[in-house]
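Here's the letter readout for the chains.
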Amino acid sequence: MTGDAVFFTLYALLACFGAVAVVVSQKIVRMAFWLIISLGSIAALFFLAGADFVGATQLLIYVGGTLVLLVFGVMLTSSGPYLRIDTSPGEMVTATIVGLLFLFMVVGTQSGVDWTGTKARLDAATGTTDQASDFESGSEGNTLRRIGMSLLGLRPDLGAAETGRLYTGYLLPFEIISVHLLVVLVGAAYLARAKRRRSS
Amino acid sequence: MFLTLASQSLAELLESYVPEGWQYVGAGLIHMALLFAVFSLCPFFFIWMERKVAGRIQDRLGPTRVGGRFGWLQSLADGVKLIQKEDLCPPAADSMLFRSAPYIVCMSSFSAFVVLPFSKGWVAVAADCGLFIMLAIMSLEVFGIILAGYSSASKWSLFGGMREAAQMVSYEIPMAICALIPVVAAGSLNLGEIGDMQSGGIWNWFVFHDPFTFLAFFVYFVVATASCKRAPFDLAEAESELVGGFHTEYSGMRWSFFFMGEYASMFAVCGIASILFLGGWNTGISGVDSALTGLRDQDGALSYLAGVIGVGVFGIKAALGVFMQVWLRWTVPRIRIDQVITVCLKYLVPISCFLFLGAIVWPLMLHAGLGGRTTWNEPLGRRVADAIHSDPPVTPSKDTDTATEETNADLNDAEPAAETELDRESVSAAPLRNTVILNDASEVSQ
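Residue indices begin from 1 for each chain and proceed along its sequence in written order. For this description, chains carry letters from A and ligands carry numbers from 1, given in the order in which they are written. For a predicted model such as this one, the threshold for reporting local features is a pLDDT of at least 70, and the threshold for listing and counting side-chain atom pairs is 80 or more; totals across whole chains, interfaces and linings nevertheless cover every residue.

Novice: Before we move on, could you go through the overall build of chain B and cite the residues and values that matter?
Specialist: Helices and strands together make up the secondary structure of chain B, namely 18 helices and 2 strands. Here a residue counts as buried when 20 or more other C-beta atoms sit within 10 Å of its C-beta, as exposed when there are 12 or fewer, and as partly exposed otherwise, the C-beta atoms being derived from the backbone. With 446 residues in all, chain B has 49% of them scored as buried. For chain B, contacts bridging at least 24 residues in sequence account for 77% of all contacts bridging at least 6. Numbering of helices and strands runs from the N terminus; a helix is a DSSP stretch of H or I covering at least four residues, while a strand is a stretch of E covering at least two. Think of it this way: build a C-beta for each residue from its backbone, and any pair within 7 Å is a contact.

Novice: Got a sec to walk through the overall build of chain A? Specific residues and values, please.
Specialist: Broken down by element type, chain A carries 8 helices and 0 strands. Secondary structure elements in chain A, listed N-terminal to C-terminal, are α-α-α-α-α-α-α-α. Taken over 200 residues, chain A has a buried fraction of 24%. Considering only intrachain contacts with a sequence separation of at least 6, the fraction spanning at least 24 residues in chain A is 49%.

Novice: So what's going on with helix H9 (residues 211-227) of chain B? Which residues, and what values?
Specialist: Residues and elements named next belong to chain B. Any helix carries an expected span of 1.5 Å times its number of residues minus one. End to end, H9 covers 24 Å across 17 residues, agreeing with the expected 24 Å (1.5 Å per residue, within 8%). Counted residue by residue, H9 has 12 buried out of 17 residues, so it is predominantly covered. Just downstream of H9, Lys 229 is the residue with a positive phi angle, here 50 degrees.

Novice: Please give an account of the nonpolar core that cites residues and values.
Specialist: Residue and element names in this part refer to chain B. In these notes, a nonpolar core means any group of buried Ala, Val, Leu, Ile, Met, Phe, Trp, Tyr and Cys residues linked to one another through C-beta atoms within 7 Å. In this structure, Met 134, Tyr 220, Val 223 and Phe 267 are the most contacted members of the largest nonpolar core, which totals 129 residues. When residues of this core are assigned to their parent elements, the largest contribution, 15 residues, is made by helix H7 (residues 155-186). Among all residues touching Tyr 220, those that are not within four sequence positions of it are Met 175, Cys 178, Ala 179 and Ala 273.

Novice: Which residues make up the packing of helix H2 (residues 23-57) of chain B against helix H13 (residues 301-331) of chain B, and what values do they have?
Specialist: All names here are of chain B. Two elements in contact, H2 and H13, have axes whose closest approach is 10 Å; the angle formed by their N-to-C orientations is 40 degrees. In this view, H2 runs oblique relative to H13, as classed from their interaxial angle. Between H2 and H13 lies a crossing of right-handed hand. Across the interface between the two elements, Phe 46, Met 49, Glu 50, Val 53, Ala 54 and Ile 57 of H2 pack against Val 322, Phe 323, Val 326, Trp 327, Trp 330 and Thr 331 of H13. Looking at side-chain class alone, the contact of H2 with H13 contains 10 nonpolar, 1 polar and 1 charged residues. Each axis is a line fitted through C-alpha atoms, and for a helix only the stretch in contact is used; angles between axes span 0 to 180 degrees, taken between their N-to-C directions. Put simply, angles under 35 degrees are roughly parallel, angles over 145 are roughly antiparallel, angles from 65 to 115 are roughly perpendicular, and the rest are oblique. Definitions for this section: a left-handed crossing has its near helix turned counterclockwise from the far helix by less than a right angle. A right-handed crossing has that turn clockwise. The nonpolar class holds Ala, Val, Leu, Ile, Met, Phe, Trp, Tyr, Cys and Pro. Asp, Glu, Lys and Arg form the charged class, and all remaining residues, Gly among them, are polar.

Novice: Help me get a handle on the environment of B:Ser265, residues and values and all.
Specialist: Residue and element names in this part refer to chain B. Relative to the elements of secondary structure, Ser 265 occurs in helix H11 (residues 252-276). Once the C-alpha coordinates of Ser 265 and Cys 42 are considered, the two residues, 223 residues apart in sequence, prove to be 9.5 Å apart. Not counting chain neighbours up to four residues away, the residues in contact with Ser 265 comprise Ser 109, Met 138, Glu 141 and Cys 228.

Novice: Tell me what's going on with H11(B), and back it up with residues and numbers.
Specialist: For H11(B), with 25 residues, the first-to-last C-alpha span of 36 Å sits near the 36 Å given by 1.5 Å per residue. Taken across its 25 residues, H11(B) has 21 buried, putting it largely inside the fold.

Novice: Which residues make up unusual backbone geometry, and what are the values?
Specialist: Even without being glycine, B:Asp59 reaches a positive phi, approximately 60 degrees. Structurally, the position occupied by B:Asp59 is in the loop between H2 and helix H3 (74-84).

Novice: Any chance you could break down the environment of A:Val22 for me, citing the residues and the numbers?
Specialist: All names here are of chain A. Topologically, Val 22 is positioned in helix H1 (residues 3-24). In this structure, the C-alpha to C-alpha distance between Val 22 and Gly 99, residues 77 residues apart in sequence, is 14 Å. With residues up to four places along the chain from it excluded, the contact list for Val 22 reads Met 31, Trp 34, Leu 35 and Ser 38.

Novice: Run through the environment of A:Phe53, naming residues and quoting values.
Specialist: Checked against the element boundaries, A:Phe53 lands in helix H3 (residues 52-77). Taking the C-alpha atoms as reference points, A:Phe53 and A:Gly108, 55 residues apart in sequence, are found 30 Å from one another. Apart from the residues lying within four places of it in its own chain, the contact partners of A:Phe53 are A:Thr143, A:Leu144, A:Ile147 and B:Cys129.

Novice: Give me the confidence of the model for chain A: which residues, what numbers.
Specialist: Values of pLDDT, ranging from 0 to 100, describe the predictor's confidence in every residue of the model. Per-residue confidence for chain A gives a mean pLDDT of 77, with 74% of residues at or over 70. Per-residue pLDDT, averaged within each element of chain A, yields its smallest value for helix H7 (residues 160-163) of chain A (56) and its largest for helix H4 (residues 89-112) of chain A (90).

Novice: Mind laying out the packing of H7(B) against H9(B), listing which residues take part and the relevant values?
Specialist: Two quantities define a packed helix pair, namely the angle between the helix axes and the distance between the axes. Residue and element names in this part refer to chain B. In the contact formed by H7 and H9, the axes pass within 9 Å of each other and the chain directions differ by 150 degrees. Classified by the interaxial angle, the pair formed by H7 and H9 is roughly antiparallel. Seen from above, H7 lies across H9 with left-handed handedness. Contact with H7, carried on its side by Gln 167, Met 168, Tyr 171, Glu 172, Pro 174, Met 175, Cys 178, Ala 179, Ile 181, Pro 182 and Ala 185, involves Phe 212, Thr 213, Ala 216, Val 219, Tyr 220, Val 223, Ala 224, Ala 226 and Ser 227 of H9 and no other residues of that element.

Novice: Give me the confidence of the model for chain B: which residues, what numbers.
Specialist: Residues and elements named next belong to chain B. When the pLDDT values of chain B are averaged, the result is 75; 75% of them are 70 or greater. A low-confidence stretch, residues 1-8 (pLDDT under 50), is modelled with 27 contacts involving residues beyond four sequence positions or located in other chains. Here residues 391-446 is a poorly scored stretch, pLDDT under 50, and it has 93 contacts once near neighbours within four places are set aside; other chains count. In the model output, the complex is listed with pTM 0.78 alongside ipTM 0.79.

Here's what the structure looks like:
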């Protein structure tokens, strides 16, 4: 068993354990704590897979952003000392059925794929050949430059240098999403202000 | 991926001493031990420094007895005292969260050290997006504080935790924007590369790169002080209003974990400041810097010596930053919580946005003034197309020595600060060729 496999097993088990604990525990803030464990382990899995950028983004957005907001919201709005969610048996049954269906789907999809020689086929499909090796800056998680250039539509690994064709980047979708988020923020600020005026 | 020590990685160094396949485990353990030593000694030293500086500012002597004349073992005595204290947990508290909160604070500020380079190549994980990872990890610290405040079942703690959450989440925004300004100047998020670019002369430091980075340094420092919840921004633990804030109910070692986390993250943010703005491990004297670069290319002990000097320079710069924060704490009065939030959201965020825009426009304007090609007079798409067609990809040279020389030449050529920017400009003009150079540099540093 290599070191990667040991760490993968460790973090995968932690992620699963955290996810189960989120469902089992009934206090909201404890759920948030288990969610940190689960999401943090998934970030660690990303780091292990050499996707540093995705791992750091996972930490920043989900753990550092969303979960902090969640706990902050609970702290500001809860009426009692510890907010609880008591799930009824009906909800339990429904959730179990949905979860099992999802599990079957995932297992079915996973077993339907022929995993032999995946890497070679992936390399062939994305045109990752020796001629574009300068673009492959580092296999050890140094993906940032590639991600940035791909965002701008610069993909020498797809053979753009030969065909002279520029690939469409993700800059425009990215900008549209960011403007959308800005609108949402302005709207939220407006709603919060209007509410405060009425009460005072 | 792993640290290079004396121009070869620690794993290679261990190869001849340990069984096959275990060198990475050994290297990982040594890195962990070294980082943990740094992490534990930082608070040890800074707490002593804080007490001495506070004493001097208040016209006292501070600790004088423990460990000789200057009381430099005072922190050890404090630590022993704290270990002996009873580990209390209030009966109404959510004991699991209450007990685990200090570890979250401690772990998040400790993990930030993993990607922080202490000297050229002396970094546990030389990640390409090191700064991003560091900011992401340090943003987790607030979670432990919120959990501590919430799970203590005390009003002081709850209010302290809420203030702290509001403050730290708000100050993350200008902090990230200010950290991006030197990144724009450098064109890299790799902390090692950013540090290397500032070698040779104090005028190469990014703080003197352009007016915007100069102002950004001061904004960053204010924001970093606030994000470490230091006075004058320590409303979350304001003794006169909230007793101890989020850590009111804590005692003994768990209480001290919060402070280890606080002092370690002070060192971490000052370390980021010294790498991003103050040249990192470069001395700022061009002669000394080139001598050190020469020393680094030597084999064995000499290269190691250059690394140690780099660590010293970096440590002094970061410790001076921490000293500034201590100095501020004991001389500036605390401001109210609404003023803290106002300062951040109404002043620091717009200022840092303005500086960020300025830092982006500055090289373009400068380049346009010198008659070069910029995005103002030529669309980006055409430049990219030109770059693809005119510059054939250079095959990456496997000879690391020539690559190092090439990179060093590249960096040293850009002596006036403005020319560094032009160099960066040519990166976007010829992405393929420059990527090769930078990639080789990053390969060398790993």
